[in-house]
Amino acid sequence: MGGTLWKIAGRAVDLSERAMIMGVLNVTPDSFSDGGEFCTTDKAVEQGKRMAAEGAQIIDVGGESTRPGSEAVSADEEIARVIPVIEQLRATVSAFISIDTSKASVARAALDAGASLINDVTGGRADAEMMALAAETGAAFIIMHMQGEPRTMQAAPHYDDVVLEVADFFRQQYERALECGIDSMAIAFDPGIGFGKTVEHNLSLLAHLESLRVQERPLVVGVSRKSSLGKMIGSNAMEDRLAPTLAFTAMLRERGANVLRVHDVKENVAALRVTEAMLETAK
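Figured I'd write up the structure that's included with this text. Not measured: the values here are computed from a predicted model.

1. Focus on the packing of aromatic side chains
And then number 1: This model, assessed by the stated rule, comprises three aromatic pairs.
And then number 2: Ring geometry for F169 versus F170: centroids 6.1 Å apart, planes at 50°, classification tilted.
And then number 3: Taking 4.8 Å as the distance between ring centres and 40° as the angle between the ring planes, the aromatic pair formed by F170 and F189 counts as tilted. Of this pair, F170 sits in helix α5 (residues 162–179) while F189 sits in strand β8 (residues 187–190); the two residues are 19 residues apart in sequence, bridging distant segments of the chain.
And then number 4: Members of the aromatic cluster, each reached through a chain of ring pairs, are F169, F170, Y174 and F189.

In structure tokens:
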């Protein structure tokens, strides 16, 4: 992973030797992975604390489902869901807090409440104010690739060359981010596994992960509990997706992933650390 540094909350986090675990905290009634299990403030805060205690260095709080087929919610509804959670977590955990949103107004409210990162599934395309906000506040900014929109993205994904097209998108958005005034050190990229992509597209991106890197910026990858895992193993059961998630966490760390976005923090932290112990010994 070279000398990869990521600027978060004014700190340069060194990702050269140790990757980060980002815990997924969906404060929504219709998440694909947890079915609204944490849609109340109390339950979401409890889960966020648990993930931090288990080793998550980032808690990614989202108030709008982006699962395939999901419908958008208003900014006011998103804010009502996430802000009480972010405020309580900021007061009780040392982990960085990320806001998973494509709306600048939601991101601003979250940053004011204590978040340090913006995780935008549209890569800054949905809201013209998003990149300007990241520049103004100095927030870390994750640019994700998505073909289409959540409601229709899995209808018929098509690419002539998925790796080349996602890499080109990253380079274009990187230049746009710099033009908007975002600190290059604050930028990270996520290939958007499962966001307008088939199983084959996902595998191609993961197999050529390093080809997607732009200017030594961190790569964030989320395969946790994705439906493509179930398709690969021939099972529709959510509980059967943990083992393949752990396998990908270990393999992707070796292939250059800097941040792994996961639901099951304890197990993925363990998989990540033993992988890094092996990589350190193999130097």
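On we go.
2. So, a nonpolar patch on the surface
And then number 1: Residues L203, M232 and I233 make up a contiguous nonpolar surface patch of about 230 Å² in total accessible area.
And then number 2: Structurally, I233 is set in helix α7 (residues 227–233).

3. Some details on the pairing of strand β5 (residues 96–100)
And then number 1: Taking burial as the measure, the five residues of β5 include five buried ones, the bulk of the element.
And then number 2: Side chains of β5 alternate between two faces, with F96, S98 and D100 and I97 and I99 buried alike.
And then number 3: The pairing of strand β4 (residues 58–62) with β5 spans five bridges and is classified as parallel. Paired with I58 across the bridge in β5 is F96.
And then number 4: Relative to strand β6 (residues 117–120), β5 is paired through three bridges, and the arrangement is parallel. Note on β6: the bridge partner recorded for I99 is I118.
And then number 5: As for the winding sense of the linkage, the β-α-β connection from β5 through helix α3 (residues 104–113) to β6 is right-handed.

4. Overview of the pairing of strand β2 (residues 11–14)
And then number 1: As defined by bridge partners, strand β1 (residues 5–8) adjoins β2 across four bridges and the pair is classed as antiparallel. Looking at the pairing, I8 lines up with R11 of β2.

5. Concerning the nonpolar core
And then number 1: If you look at the biggest cluster of nonpolar residues, it comprises 67 residues, and the most contacted ones within it are L25, V61 and I118.
And then number 2: Looking at which element gives the most residues to this core, the answer is α5, with eight residues.

6. What about the layout of surface pockets?
And then number 1: Within this model, the second largest pocket holds a volume of roughly 310 Å³.
And then number 2: Considering the residues around the second largest pocket, the lining is formed by 21 residues, among which E64, A72, S102, E149 and P150 are closest to the centre.
And then number 3: Split into classes, the residues belonging to the lining of the second largest pocket amount to five nonpolar, eight polar and eight charged.

7. Description of helix α8 (residues 242–254)
And then number 1: Counted at 1.5 Å a residue, the expected span for α8 with its 13 residues is 18 Å, and the 19 Å between its end C-alpha atoms agrees.
And then number 2: In this fold, the buried residues of α8 make contact with α6 (199–207), β9 (220–221), α7, β10 (259–262) and α9 (265–281).
And then number 3: Just beyond α8, the residue with positive phi is G256, at close to 120°.

8. What about the packing of helix α2 (residues 75–92) against α3?
Pairs of packed helices are described in terms of their axes, by the angle between the two and the distance that separates them.
And then number 1: Axis separation between α2 and α3 bottoms out at 9 Å; the angle between their running directions is 15°. Judged on the interaxial angle alone, α3 and α2 are roughly parallel. Crossing angle aside, the handedness with which α2 passes α3 is right-handed. Judged by residue contacts, A75, E78, I79, V82, I83, I86, E87 and R90 of α2 engage S105, V106, A109, A110 and A113 from α3.
And then number 2: Class assignment of the residues belonging to the contact of α2 with α3 gives a composition of nine nonpolar, one polar and three charged.

Definitions and cut-offs
Residues numbered from 1 in each chain as written. Predicted model: local features only at pLDDT ≥ 70, side-chain atom pairs only at ≥ 80, totals over all residues. Heavy atoms only, no water. Phe/Tyr/Trp six-rings, centres within 6.5 Å; stacked < 30°, edge-to-face > 60°. Helix = DSSP H or I, 4+ residues; strand = E, 2+ residues; numbered from the N terminus. Patch = residues over 30% accessible without salt bridge, like charges linked within 9 Å, V, L, I, M, F, W, Y side chains within 5 Å. Areas by Shrake-Rupley, 256 points an atom, 1.4 Å probe, with all protein chains shown as cover. Salt bridge = Lys/Arg side-chain N within 4 Å of Asp/Glu carboxyl O. Buried < 20%, exposed > 50% of the residue type's maximum accessible area, 1.4 Å probe, protein only. Pairing = 2+ DSSP bridges. Right-handed = clockwise from strand over helix to strand, strands pointing away. Core = buried A, V, L, I, M, F, W, Y, C linked by side-chain atoms within 4.5 Å. 1 Å grid on protein atoms, 1.4 Å probe; cavity = no way out; pocket = protein on both sides within 12 Å on 5 of 7 lines; lining within 4 Å. Points joined across faces, edges and corners; volume = space filled by probe spheres on them. Nonpolar A, V, L, I, M, F, W, Y, C, P; charged D, E, K, R; others polar. Expected span 1.5 Å × (residues − 1). Contact = heavy atoms within 4.5 Å. Axes fitted to C-alpha atoms, helices over the stretch in contact; angles between N-to-C directions. Parallel < 35°, antiparallel > 145°, perpendicular 65-115°, else oblique. Left-handed = near helix turned anticlockwise from the far one by under 90°.

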